[in-house]
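Examination of the molecular architecture
Each chain, written out:
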Amino acid sequence: AQSVTQLGSHVSVSEGALVLLRCNYSSSVPPYLFWYVQYPNQGLQLLLKYTSAATLVKGINGFEAEFKKSETSFHLTKPSAHMSDAAEYFCAVRGLGAQKLVFGQGTRLTINP
Amino acid sequence: NAGVTQTPKFQVLKTGQSMTLQCAQDMNHNSMYWYRQDPGMGLRLIYYSASEGTTDKGEVPNGYNVSRLNKREFSLRLESAAPSQTSVYFCASRTETSSYNEQFFGPGTRLTVL
């Protein structure tokens, strides 16, 4: 069964600093990969998804993620953090032919002024 | 397009009471899902429906029932609520026109069981 590990339940960075949120999946066959963001008291919104067209995927709000098959990773980055990036971020995977989406436990991002 | 809508937004129940959470989508999606979100556990799938008339259990189905009323609507019922069911519940939908398609989420229902 697919599983997803997000390293770090809480990440804190200064405004303007690099944001790096880590996600590793367990699969020998590359699954379908997604990053979602959840702002306080809201539902989940898609940030970006891997579509096999390119290993570096660009999403909304300046975020991007790089698919590394050799490391089974799909880490999320943003070069310069903004206060509005404070939220919870979820990595999710769906296996080939599967209906179900499996979520990581989430990483809460805090931005310090 | 309203996307995925959920009612109610908040609910407080006493142990043993029953209630139904409603979900509707206007995107003509075939698949619909119910998740619960608990601190530190991400989202866990309760039930899903791949198409109208079909439902399947997810990771945590115990204590819940679902109904896929039509293509638009997918409801979640708690027959006898327990404090362990205190959670935030999200409904989602997806279309299978591409394997890369994402799920779209509703705003959630915050449920407290006393």
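In this text the structure is predicted, and so the values were computed from the model without any measurement.

**Some points on the overall build of chain B**
If you tally the helices and strands in chain B, you get zero helices and 11 strands. Taken from N to C terminus, the helices and strands of chain B fall in the order β-β-β-β-β-β-β-β-β-β-β. Computed over the C-alpha atoms, the radius of gyration of chain B is 13 Å, within 12% of the 13 Å expected from 2.2 N^0.38 for a compact globule of 114 residues. Its C-alpha atoms put chain B at 40 × 30 × 25 Å along the principal axes.

**Section: the state of the cysteines**
All chains considered together, the criterion is met by two disulfides over all chains. Residue pairing for C23(A): its cysteine sulfur links by disulfide to C91(A), the two sulfurs lying 1.9 Å apart. On the sign convention where negative is left-handed, the bridge of C23(A) and C91(A), at about -60° about the S-S bond, is left-handed. Taken together, the positions of C23(A) in strand β3 (residues 19-25) and C91(A) in strand β9 (residues 87-94) put the pair 68 residues apart, joining distant regions of the chain. The exposure class of C23(A) is buried, given its relative accessible area of 0%. Residue C91(A) is classed as buried on the basis of its relative accessible area of 0%. Paired through a disulfide, C23(B) and C91(B) show a sulfur-sulfur distance of 1.8 Å.

**Observations regarding the interface of chain B and chain A**
Facing the 24 residues of chain B at the interface are 22 residues of chain A. Carbon and sulfur atoms supply 53% of the area that chain B and chain A bury against each other, a total of about 1,800 Å² over both sides. Counting the surface chain B buries against chain A, the share from its top three residues, Y100(B), E102(B) and F105(B), is 32%. Run the count over chain B and chain A and you get one salt bridge. For K49(A), the salt bridge identified is with E102(B), shortest N-O distance 2.7 Å. Applying the counting criterion to the chain B and chain A interface returns five residue pairs in polar contact (both at pLDDT 80 or more).

**Digging into the environment of N101(B)**
Along the polypeptide, N101(B) turns up in the loop between β9 (87-94) and β10 (104-105). Sequence separation between N101(B) and K71(B) is 30 residues; the distance between their C-alpha atoms is 18 Å. For N101(B), the residues in contact, after removing those within four places along its chain, are F34(A), K49(A), R94(A), R94(B), T95(B) and E96(B). Polar contacts involving the side chain of N101(B) include one to the main-chain carbonyl oxygen of T95(B), which spans 3.1 Å.

**As for the sheet that holds β3(A)**
Residue and element names in this part refer to chain A. Taken in spatial order, the five strands make up an open sheet running β1-β3-β8-β7-β6, and their pairing is antiparallel. Among the strands making up the open sheet, the edge pair consists of β1 (4-7) and β6 (56-58). Taken over all neighbouring pairs, the strand axes of this sheet differ in orientation by 20° on average, direction set aside. Bridge count for β6 against strand β7 (residues 64-68) is three bridges, and the pairing is antiparallel. Pairing of K58 across the sheet is with E64, part of β7.

Procedures and definitions
Residues numbered from 1 in each chain as written. Chains lettered and ligands numbered in written order. Predicted model: local features only at pLDDT ≥ 70, side-chain atom pairs only at ≥ 80, totals over all residues. Heavy atoms only, no water. Helix = DSSP H or I, 4+ residues; strand = E, 2+ residues; numbered from the N terminus. Rg over C-alpha atoms; globule rule 2.2 N^0.38 Å. Disulfide = S-S within 2.5 Å. Buried < 20%, exposed > 50% of the residue type's maximum accessible area, 1.4 Å probe, protein only. Contact = heavy atoms within 4.5 Å. Buried area = accessible area lost by both parts, 1.4 Å probe. Salt bridge = Lys/Arg side-chain N within 4 Å of Asp/Glu carboxyl O. Polar contact = N/O pair within 3.5 Å; in protein donor to acceptor, adjacent residues only side chain to side chain. Pairing = 2+ DSSP bridges. Axes fitted to C-alpha atoms, helices over the stretch in contact; angles between N-to-C directions.

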